[in-house]
Amino acid sequence: MPDSVSRRRFLASAGAVLGVGPVLAACGGGDVTAASCQGYSALDAAALQQRQSLDYVDNTPRPAELCSNCRFYNAPEGGSPCGGCQLFPGPVAPDGWCKSWVIMAT
Ligand code: SF4
């Protein structure tokens, strides 16, 4: 079995145990590409749990509240379309959102 397939199966199993399936489903699943900011395959179960606990989604349900205008957002580097969050590891979409959103200081 290819390594990427076994890794996906492990994450799917870990997600089921931790109840992160809805988060992965909301974000387009665990099958990932960097261009879509859904590169979760390198994240462990604890990191996925952190993301879920803050109700992170790739597309904000609140148009005025975006990761890209949040004080915890780390802007993309190296030509990546994805930034990061200071509260949990892994890629974060500029148009994403979580319940810890706080307006960026000007
Ligand atoms: S705290 Fe939430 S809204 Fe702010 S950058 Fe992190 S994930 Fe996005």
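In what follows, the structure referred to is the one given above.
The structure displayed is predicted, hence computed values, not measured ones. (Residues numbered from 1 in each chain as written. Predicted model: local features only at pLDDT ≥ 70, side-chain atom pairs only at ≥ 80, totals over all residues. Heavy atoms only, no water.)

Student: Account for the site of the ligand, naming residues and giving values.
Tutor: Tyr-56, Cys-67, Cys-70, Phe-72, Tyr-73, Cys-85, Leu-87, Phe-88, Cys-98 and Trp-101 make up every residue found near the ligand. By residue class, the composition of the shell around the ligand is 10 nonpolar, no polar and no charged. (Near = heavy atom within 4 Å. Nonpolar A, V, L, I, M, F, W, Y, C, P; charged D, E, K, R; others polar.)

Student: Can you explain the state of the cysteines? Please cite residues and give values.
Tutor: Scanning all chains against the criterion turns up 1 disulfide. Disulfide partner of Cys-37: Cys-82, at an S-S distance of 2.2 Å. Across the disulfide from Cys-37 to Cys-82, rotation about the S-S bond amounts to roughly -105°, and the bridge is consequently left-handed. Remark: Cys-82 occurs in the loop between β1 (73-74) and β2 (84-85) and Cys-37 occurs in the loop between α2 (21-26) and α3 (45-53); sequence separation between them is 45 residues. (Disulfide = S-S within 2.5 Å. Helix = DSSP H or I, 4+ residues; strand = E, 2+ residues; numbered from the N terminus.)

Coordinates in, geometry out; function isn't part of it.
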